[in-house]
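# Remarks on the overall topology
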Amino acid sequence: MTDSLLKEILAQLGSGDIVPYLGPGVLHGVVDRDTGKPIPADSDSLILAMTGGRPMSPRLMYEFPRAAMHMENKKGRSFIERFLTQTYGGDNWSASPVHQWLAGLDLPYVIDSNRDTQLQRCYIDAGRRHTLVVGAARLAATPYRFDLYHFEDGKYRKVALEEVDSALPVLFKPLGTPLPKPGYVASDADFVDYITELMGGFAIPDWVKLLRKNKRYLFLGLRFNRDTERMVMSDMIYDAAEPAGWVLIDQPSDKERKVCERKNLQLIEADWSSLLALANPSATEVA
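What you see is a predicted model, and the numbers here were worked out from it, not measured in a lab.

Each value, and the rule that gives it
- Residues numbered from 1 in each chain as written.
- Predicted model: local features only at pLDDT ≥ 70, side-chain atom pairs only at ≥ 80, totals over all residues.
- Heavy atoms only, no water.
- Helix = DSSP H or I, 4+ residues; strand = E, 2+ residues; numbered from the N terminus.
- Rg over C-alpha atoms; globule rule 2.2 N^0.38 Å.
- Buried < 20%, exposed > 50% of the residue type's maximum accessible area, 1.4 Å probe, protein only.
- Phe/Tyr/Trp six-rings, centres within 6.5 Å; stacked < 30°, edge-to-face > 60°.
- Lys NZ or Arg CZ within 6 Å of the ring centre and 35° of its normal.
- Salt bridge = Lys/Arg side-chain N within 4 Å of Asp/Glu carboxyl O.
- Polar contact = N/O pair within 3.5 Å; in protein donor to acceptor, adjacent residues only side chain to side chain.
- Contact = heavy atoms within 4.5 Å.
- 1 Å grid on protein atoms, 1.4 Å probe; cavity = no way out; pocket = protein on both sides within 12 Å on 5 of 7 lines; lining within 4 Å.
- Points joined across faces, edges and corners; volume = space filled by probe spheres on them.
- Axes fitted to C-alpha atoms, helices over the stretch in contact; angles between N-to-C directions.
- Parallel < 35°, antiparallel > 145°, perpendicular 65-115°, else oblique.
- Left-handed = near helix turned anticlockwise from the far one by under 90°.
- Arc of directions from axis to C-beta.
- Patch = residues over 30% accessible without salt bridge, like charges linked within 9 Å, V, L, I, M, F, W, Y side chains within 5 Å.
- Areas by Shrake-Rupley, 256 points an atom, 1.4 Å probe, with all protein chains shown as cover.
- Lys, Arg positive; Asp, Glu negative; His and termini not counted.
- Charge placed at Lys NZ, Arg CZ, Asp CG, Glu CD.
- Nonpolar A, V, L, I, M, F, W, Y, C, P; charged D, E, K, R; others polar.
- Pairing = 2+ DSSP bridges.

### Let's talk about the overall build of the protein
Across its full length, the protein holds twelve helices and eleven strands. Whereas a compact globule of 287 residues would reach a radius of gyration of roughly 19 Å, the protein reaches 18 Å, a difference of no more than 12%. In terms of principal-axis extent, the alpha carbons of the protein reach across some 50 × 45 × 40 Å. Here the protein holds 287 residues, and 51% of them are scored as buried.

Here it is, written out as structure tokens:
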């Protein structure tokens with residue numbers, strides 16, 4: 001039953017009506033080419049990377065935004081931005097088969113809630129023209145909570161909303177990226193501002209609001225156990241089709257089942273790697 005449903009999703013994926021929505025789980029298996037250390041992607045590993053391996057109190061270990069807020073208060077905003085840029089800005093991570101596979105599909109719209117550059121670099125290496133939307137928080141000079149970049153001829157160029165070519169594929173990085181200019185939604189204060197503006201309609205460009213209407217979403221590597229990720233997701237998929245798509249979670253919690261039911265998402269009790277295995281059987285391990 002699960003395999004047949006996954007095959008059905010794969011058959012429809014190229015139509016552009018399905019939007020992949022990537023979470024930390026899809027970075028499983030990505031390692032530093034020199035040391036073999038895994039890329040810090042989930043909340044716990046990010047916190048430990050930020051503190052040099054020292055666990056924080058249980059209250060702060062609950063999720064990364066809370067821990068990042070604590071460190072921001074102690075060491076300043078620049079510490080958080082520097083840490084995330086040092087973590088994700090380099091090009092020494094091993095390649096991820098799932099990102100390579102998705103990039104090869106030439107999809108019109110992908111949401112990547114991770115702060116790494118794997119999918120961006122796939123687009124860049126392929127010379128694929130696209131619009132990059134990067135989530136932003138706590139900006140005083142503009143009513144919007146995003147930065148826009150046009151990629152062409154090997155480089156990104158920042159563009160204004162009225163300059164965007166709405167026909168180009170969209171890569172949306174709601175929580176930020178180090179490329180082409182570091183910017184992140186990371187701490188509790190960031191998320192309070194960003195989610196507030198998401199709800200108010202100021203964190204998603206107008207043409208993307210049109211693009212996303214009646215789309216279905218395919219959640220890969222994202223758990224719904226944490227409030228911030230769940231709240232961002234809820235607003236990102238506003239105006240979705242009915243039903244709104246599929247969530248691949250192996251051994252989901254009761255809370256995750258309730259979230260899927262409430263958001264009209266079909267829960268598939270399997271890991272994202274099951275889908276990749278059907279889509280690309282040769283991609284059995286990370287390069």
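### Some points on the packing of aromatic side chains
Tallied over the entire structure, the rule returns six aromatic pairs. Between Y149 and Y156, the aromatic rings sit 6.3 Å apart at their centres with planes inclined by 75°, giving edge-to-face as the arrangement. The residues Y149 and Y156 share a single accessibility class, namely buried. Linked through ring pairs, Y21, Y217, F219 and F224 together constitute an aromatic cluster. Lying over the aromatic face of Y123, R128 brings its terminal NZ or CZ to 4.8 Å of the ring centre. In this arrangement the basic side chain of R226 is found over the ring face of Y62, its NZ or CZ atom lying 4.4 Å from the centre.

### Side note on the pattern of salt bridges
Applying the stated criterion to the full structure yields 17 salt bridges. In this structure, R77 and E81 form a salt bridge, with 3.2 Å as the shortest nitrogen-oxygen distance. In this pair, R77 and E81 are both assigned in helix α5 (residues 77-88), four residues apart and thus about one turn of the helix distant. The exposure class assigned to R77 is partly exposed, which follows from its relative accessible area of 22%.

### Quick look at the side chain of D112
Among the secondary structure elements, D112 is positioned in strand β2 (residues 109-112). A distance of 3.1 Å separates a polar atom in the side chain of D112 from the backbone nitrogen of N114. If we skip the residues at most four places from it in the chain, D112 touches L22, L119, L171, F172, K173 and P174.

### Focus on empty space enclosed by the protein
The tally for this structure, following the rule as stated, stands at one cavity of 30 Å³ or more. Considered as a void within the structure, the largest cavity measures approximately 40 Å³ in volume. The wall of the largest cavity is formed by Y21, S113, L175, L222, E229, V232 and M233. Among the elements that make up the lining of the largest cavity, the one with the highest residue count is helix α10 (residues 227-236) (three residues).

### Things to note about the packing of helix α1 (residues 2-13) against helix α12 (residues 272-279)
Relative orientation of the contacting elements α1 and α12 amounts to 65°, with a least axis distance of 10 Å. In terms of axis orientation, α1 runs roughly perpendicular to α12. The crossing of α1 and α12 is right-handed. From α1, D3, L6, K7 and L10 reach across to α12, where they touch S274, L275, L278 and A279.

### Side note on helix α11 (residues 254-262)
The periodicity of an α-helix, 3.6 residues per turn, causes residues three or four positions apart to be oriented the same way. For α11, the full list of buried residues reads E256, V259 and C260. Angularly, the buried residues of α11 cover 95° about the axis, an arc narrow enough to put them on a single face. Along α11, the residues that are exposed and aim more than 90 degrees away from the buried face are D254, K258, E261 and R262. Lining the buried residues of α11 we find α10, β10 (245-248) and β11 (265-268).

### Quick notes on a positive patch on the surface
Together, R54, K74, K75 and R82 line one region of the surface with positive charge. Note that R82 resides in helix α5. For R82, a relative accessible area of 43% gives the class partly exposed.

### A closer look at the packing of helix α2 (residues 43-50) against α5
Any two packed helices are characterised by how steeply their axes cross, that is the angle between the axes, and by the distance between the axes. Running from N to C, α2 and α5 cross one another at 110°; their axes reach a closest spacing of 11 Å. The pairing of α2 with α5 is recorded here as roughly perpendicular in orientation. Taking contact as the criterion, the partners of L46, A49 and M50 in α2 are, on α5, F79, I80, F83, L84 and Y88. Its residues assigned to classes, the contact of α2 with α5 comprises eight nonpolar, no polar and no charged.

### Observations regarding the pairing of strand β9 (residues 216-220)
Buried residues dominate β9, accounting for four of its five residues. The pairing of strand β1 (residues 18-22) with β9 spans five bridges and is classified as parallel. When the sheet's bridge partners are listed, I18 is paired in β9 with R216. Note that β9 and β10 share four bridges and pair parallel.

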